[in-house]
Amino acid sequence: QVQLVESGGGLVQAGDSLRLSCANSGRAFSSYAMGWFRQAPGKEREFVATISLSDSLTYYADSVKGRFTISRDNAKSTVYLQMNSLKPEDTAVYYCAARRRSYVSTGPQDYDYWGQGTQVTVSS
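Keep in mind the model is a prediction, meaning the values are calculated, not measured.

**Thoughts on the nonpolar core**
Ranked by internal contacts, the top residues of the largest apolar core, which has 33 residues, are W36, L81, M83 and Y94. Elements with a contribution of two residues or more to this core: strand 3 (18-24), strand 4 (33-39), strand 5 (46-51), strand 7 (68-73), strand 8 (78-83), strand 9 (92-99) and strand 11 (118-123). Among the elements that line this core, the one with the most residues is strand 9, at 5 residues. Apart from the residues within four sequence positions on either side, L81 is in contact with L18, R19, L20, W36, V48, A49, F68, T69, I70 and Y94.

See the structure below:
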């Protein structure tokens, strides 16, 4: 089975960068599309970015386009989220997720496995 563990979160200042990692302990990572979502206090979980199994297709939320980059290393069973030019509104718990399909999706309901999340706090 797939087990996802996020890391790399922390407290940073506006304009700083962070790279989140999501490692999969399972053996089917290369067959799954992967996604990143986030949830801020008092708000619903929202889509951030997704990547196909071959990493040839990516899609981003409008709020992070040009600042965030999703990538994956199938040999390491890891997906990354490079976050640049961070803003206070990026503050949230970030979750990685996997779905047993090669197609990308922006809907949380389409994902089969979830990590426990990592906190990202951006101060102004």
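**Focus: the sheet that holds strand 8**
Strand order across the open sheet formed by 4 strands is 1-3-8-7, with antiparallel pairing between neighbours. The sheet is open, and its two edges are formed by strand 1 (4-7) and strand 7, each paired on a single side. The average undirected angle you get between the axes of adjacent strands in this sheet is 15°. Here strand 7 pairs with strand 8 via 6 bridges, running antiparallel.

**Brief notes about unusual backbone geometry**
Negative phi is the rule for most residues except glycine; trans is the rule for most peptide bonds. For S77, which is not glycine, the phi torsion reads 55° and is therefore positive. Looking at the element boundaries, S77 is found in the loop between strand 7 and strand 8. The backbone of S85 shows a phi angle near 50°, a positive value even though the residue is not glycine. Checked against the element boundaries, S85 lands in the loop between strand 8 and strand 9. For S85, a relative accessible area of 41% translates into the label partly exposed.

**So, the state of the cysteines**
Counted according to the given criterion, the structure contains 1 disulfide. Each sulfur of the disulfide joining C22 and C96 lies 1.9 Å from the other. Between C22 and C96, the S-S dihedral sits near 50°, and the bridge is therefore right-handed. Separated by 74 residues along the polypeptide, C22 in strand 3 and C96 in strand 9 bring together distant segments of the chain. Neither C22 nor C96 differs from the other in exposure class; each is buried.

**Quick look at the layout of surface pockets**
Its volume calculated, the largest pocket comes out at about 170 Å³. Around the largest pocket sit 13 residues that line it, and R38, A40, K43, E46 and E89 are the ones nearest its centre. By residue class, the composition of the lining of the largest pocket is 2 nonpolar, 3 polar and 8 charged.

**Regarding the packing of aromatic side chains**
The final tally for this structure, using the stated rule, is 6 aromatic pairs. Centroid distance F37 to Y111: 5.2 Å. Interplanar angle 80°. Geometry classified as edge-to-face. Linking F37 in strand 4 with Y111 in the loop between strand 9 and strand 10 (113-114), this pair joins segments that are 74 residues apart in sequence. Looking at F37, the relative accessible area reads 0%, which means it is buried. In this structure Y111 comes out as buried when scored by relative accessible area, which is 6%.

The rules behind the values
- Residues numbered from 1 in each chain as written.
- Predicted model: local features only at pLDDT ≥ 70, side-chain atom pairs only at ≥ 80, totals over all residues.
- Heavy atoms only, no water.
- Core = buried A, V, L, I, M, F, W, Y, C linked by side-chain atoms within 4.5 Å.
- Buried < 20%, exposed > 50% of the residue type's maximum accessible area, 1.4 Å probe, protein only.
- Helix = DSSP H or I, 4+ residues; strand = E, 2+ residues; numbered from the N terminus.
- Contact = heavy atoms within 4.5 Å.
- Pairing = 2+ DSSP bridges.
- Axes fitted to C-alpha atoms, helices over the stretch in contact; angles between N-to-C directions.
- Disulfide = S-S within 2.5 Å.
- 1 Å grid on protein atoms, 1.4 Å probe; cavity = no way out; pocket = protein on both sides within 12 Å on 5 of 7 lines; lining within 4 Å.
- Points joined across faces, edges and corners; volume = space filled by probe spheres on them.
- Nonpolar A, V, L, I, M, F, W, Y, C, P; charged D, E, K, R; others polar.
- Phe/Tyr/Trp six-rings, centres within 6.5 Å; stacked < 30°, edge-to-face > 60°.

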